[in-house]
Each structure stands twice: as structure tokens, then as C-alpha cells.
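Working through the structure, step by step
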Amino acid sequence: MTTPIAGDGGVDAYARLAELGITLPQVVPPLAAYLPAVQTGNHVYVSGQLPLVEGKLAATGKVGADVDPEQAAELARTCAVNVLAAVEALVGLGRVVKIVKLTGFVASAPGFTGQPAVVNGASNLFGDVFGEQGRHARSAVGVAELPLDAPVEVEAIVEVA
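Presented here is a report on the structure given in the accompanying data block. These figures come from a predicted structure and were not determined experimentally. (Residues numbered from 1 in each chain as written. Predicted model: local features only at pLDDT ≥ 70, side-chain atom pairs only at ≥ 80, totals over all residues. Heavy atoms only, no water.)

Before going further, it helps to examine the overall build of the protein chain. Per the secondary structure count, the protein chain includes three helices and seven strands. The linear arrangement of helices and strands in the protein chain, starting from the amino end, is α-β-β-β-β-α-β-α-β-β. Relative to the compact-globule value of 15 Å for 161 residues, the protein chain shows a C-alpha radius of gyration of 15 Å, a close match. Taking all 161 residues of the protein chain together, 43% fall into the buried category. If you take every contact in the protein chain between residues at least 6 apart in sequence, the share linking residues at least 24 apart comes to 80%. Here the protein chain displays about 7,500 Å² of accessible surface, and carbon together with sulfur accounts for 53% of that area. Mean positive and mean negative side-chain charge positions of the protein chain (9 and 16 charges, respectively) differ by 4 Å. (Helix = DSSP H or I, 4+ residues; strand = E, 2+ residues; numbered from the N terminus. Rg over C-alpha atoms; globule rule 2.2 N^0.38 Å. Buried < 20%, exposed > 50% of the residue type's maximum accessible area, 1.4 Å probe, protein only. Contact = heavy atoms within 4.5 Å. Areas by Shrake-Rupley, 256 points an atom, 1.4 Å probe, with all protein chains shown as cover. Lys, Arg positive; Asp, Glu negative; His and termini not counted. Charge placed at Lys NZ, Arg CZ, Asp CG, Glu CD.)

Attention shifts here to the pattern of salt bridges. Tallied over the entire structure, the rule returns four salt bridges. E19 is paired through a salt bridge with R16; the nearest N and O atoms lie 2.4 Å apart. Of this pair, E19 and R16 both sit in helix α1 (residues 13-19), separated by three residues, roughly a single helical turn. Owing to a relative accessible area of 57%, E19 belongs among the exposed residues under this scheme. By relative accessible area, which is 24% here, R16 ends up partly exposed. (Salt bridge = Lys/Arg side-chain N within 4 Å of Asp/Glu carboxyl O.)

So, about unusual backbone geometry. Notably, E54 is not glycine yet its phi reads approximately 55 degrees, a positive angle. Among the secondary structure elements, E54 is positioned in the loop between β3 (52-53) and β4 (56-57). The backbone of D149 sits at a positive phi, close to 65 degrees, despite the residue not being glycine. Assignment of secondary structure puts D149 in the loop between β6 (137-143) and β7 (152-160). For D149, a relative accessible area of 32% translates into the label partly exposed.

On to the environment of K101, then. Position of K101 among the secondary structure elements: in strand β5 (residues 96-107). Put simply, K101 and S139 are 38 residues apart on the chain and 8.2 Å apart in space, counted from C-alpha to C-alpha. The residues contacting K101, other than those within four sequence positions of it, are H136, A137, R138, S139, E155, A156 and I157. Separated by 3.4 Å, the side chains of K101 and S139 make a polar contact. (Polar contact = N/O pair within 3.5 Å; in protein donor to acceptor, adjacent residues only side chain to side chain.)

Let us look at helix α3 (residues 115-130). Helix length check: α3 (16 residues) gives 23 Å between terminal C-alpha atoms against 22 Å at 1.5 Å per residue, within 8%. Where α3 bends most, the angle comes to about 35 degrees, and this point is G121. Looking at α3, one finds that the buried residues are Q115, V118, V119, G121, A122, S123, L125, F126, V129 and F130. Residue G131 follows α3 closely and has a positive phi angle near 65 degrees. (Expected span 1.5 Å × (residues − 1). Bend = angle between axes of the 7 residues up to and from the residue.)

See below:
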């Protein structure tokens, strides 16, 4: 599908992904009793996505101890790619109007306070793919543990046409 996104000044998300050299992966089956993404009205709520590559975590551990912040930002970018894969599987990226809200969770070593820079990895990807429609509200939260000892997890709310 190469339909431009529905928002004013919309871009072709598929073309942008190709320009960025990004291929969307298959959606990883949920680890528990939930769905990867759910649509209600004109919003898609995407469950927390881990930095899974080919079904395996790209890294494990705490940011600021086991994982450096720059690597963690790349892992957040991977999470964002997985968010896009979940949206694609449910409704198609051609229906995206706006990335509304992003929440990033960072498994943080004691004293680590760089969560915003880590979550920028996801935020920047959405901007790279969707331009102005990729700018969003956001929370970057430090947590003690994440599923499977993942360093980062990203969830999103996306407006669709």
C-alpha cells in the first residue's frame, strides 16, 4: 500500500520507511492476555512493544548499568518500528493521521535520569516517518523492571482516518 497518510500535508509512510531502509517486521504474538493493538473510533492504542528483532530481545538489562544510553535510544527506535508494525497489521499505515501520544518505559539503573534522551529514539523515528504528523505528546518513565529484562518498552496512541 502506498496511500499517503490522511492528515494535512500527509506523507507516504511506506515511501519514507523505504527511504530510511526500514522493513516492518511481523507482529510478535503477545506475551500474555492482551492484543498488540486495538482500534476504537478513530484511535489505535498500541500495547507496549519491546525491542524485539526476529522475535528475540536485541539487548537486556538496565540502562545506565548494562546498556548505555545511546544503545538504549536505538532500542527505543526498534520498539517504535514494532509499534508501526502493529498499526500496519491492524489498520494499515496509510490510515495514520497523527501520532498522538507516546509513552516510553526505561528500565533504569539507580541514579539514571536520562530517560527522555532514551525515548527520543522512538520519538525521532515517528518524526522521520510522518514528519509533522509524527510529533506527539509524550511521557518518558524510569522503571525498576520490564518484561523479559528488556531495557525499554514503548506504547502509543495513533489517530487514524
